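# Structural characterization, general
Take a look at the letters that make up each chain.
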Amino acid sequence: MDRIAGWWDGFELWVAGLPFIPQFLVVLVGMVPISFALAYLLDRALKLVQHRVTLAQHRVRAGRYRSARLAQAAPVEPLVETREHAQSGAR
């Protein structure tokens, strides 16, 4: 780890010692690909999270609708007994 830290410190000193334009170009050449790679990885990760959240929401909604449909489809027992109408005998 010390070797990597020493190499990085040497690289920083080298870049800091360059004039502005070459310094800008070195940073640009190094940072643009790293920035694009980081943006791509973040985009993929966020799409995956969004897909899973949306899928979970659809499952919850489907469960609610399924239970509502089952409740509607089940035969409903009347709360009050039905009885025959009394006939008055009048015609």
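Read on for an overview of the structure. (Residues numbered from 1 in each chain as written. Predicted model: local features only at pLDDT ≥ 70, side-chain atom pairs only at ≥ 80, totals over all residues. Heavy atoms only, no water.)

## Thoughts on the overall build of the protein chain
Note the threshold: Starting at the N terminus, helices and strands are each numbered in turn, a helix being any DSSP run of H or I of at least four residues and a strand any DSSP run of E of at least two. Only protein chains enter the accessibility calculation, which uses a 1.4 Å probe; a residue is then buried when its area is under 20% of its type maximum, exposed when over 50%, and partly exposed in between. Where accessible areas are quoted, they stem from the Shrake-Rupley method and a 1.4 Å probe; at the residue level, only the protein chains shown are allowed to cover.
Looking only at helices and strands, the protein chain features 2 helices and 0 strands. Taking all 91 residues of the protein chain together, 1% fall into the buried category. As presented, the protein chain carries roughly 9300 Å² of accessible surface, and 65% of it is formed by carbon and sulfur atoms.

## A look at the pattern of salt bridges
Here is the rule we go by: In what follows, salt bridge is the name for a side-chain nitrogen of Lys or Arg lying within 4 Å of a carboxyl oxygen of Asp or Glu.
The full count for this structure, using the stated rule, is 1 salt bridge. Notably, a salt bridge pairs Lys47 with Asp43, separated by 3.6 Å at the nearest N-O pair. One end of the pair is Lys47 and the other is Asp43, both in helix H2 (residues 20-73) and 4 residues apart, which spans about a single turn.

## Description of the layout of surface pockets
The criterion, for reference: Grid points spaced at 1 Å and placed over the protein atoms alone form the basis of the search, with a cavity being a set where a 1.4 Å probe fits but cannot get out and a pocket an open set showing protein on both sides within 12 Å along at least five of seven lines. Lining residues have an atom within 4 Å of a point. Grid points are joined across faces, edges and corners, and a volume is the space filled by probe spheres set on the points. Residue classes follow a fixed rule: Ala, Val, Leu, Ile, Met, Phe, Trp, Tyr, Cys and Pro count as nonpolar, while Asp, Glu, Lys and Arg count as charged, and any other residue, Gly among them, counts as polar.
Reported here for the largest pocket is a volume of approximately 210 Å³. Lining of the largest pocket is provided by Trp8, Phe11, Glu12, Val15, Val26, Val27, Val29, Gly30, Met31 and Ile34. When contributions to the lining of the largest pocket are tallied by element, the ones reaching two or more residues are helix H1 (2-17) and H2. Counting residues per element, the lining of the largest pocket draws most heavily on H2, which supplies 6 residues. Partitioned by chemical class, the residues of the lining of the largest pocket number 8 nonpolar, 1 polar and 1 charged.

## Side note on the packing of aromatic side chains
Put simply, the rule is: For Phe, Tyr and Trp, where Trp contributes only its six-membered ring, two rings pair if their centres lie within 6.5 Å, and the inter-plane angle classes them as stacked under 30 degrees, edge-to-face over 60, or tilted in between.
Under the counting rule described, the total for this entry stands at 5 aromatic pairs. Here the aromatic rings of Trp8 and Phe11 are separated by 5.6 Å at their centres, their planes lie at 35°, and the arrangement is tilted. Pair noted here: Trp8 and Phe11 are both in helix H1, with a separation of 3 residues, about one helical turn. On the basis of relative accessibility, which here comes to 42%, the residue Trp8 falls in the partly exposed class. Judged by relative accessible area, Phe11 falls into the partly exposed class, the value being 29%. Where Phe20 meets Phe24, the ring centres are 6.2 Å apart and the plane angle is 25°; that geometry is what we call stacked. In this pair, Phe20 and Phe24 are both assigned in helix H2, 4 residues apart and thus about one turn of the helix distant.

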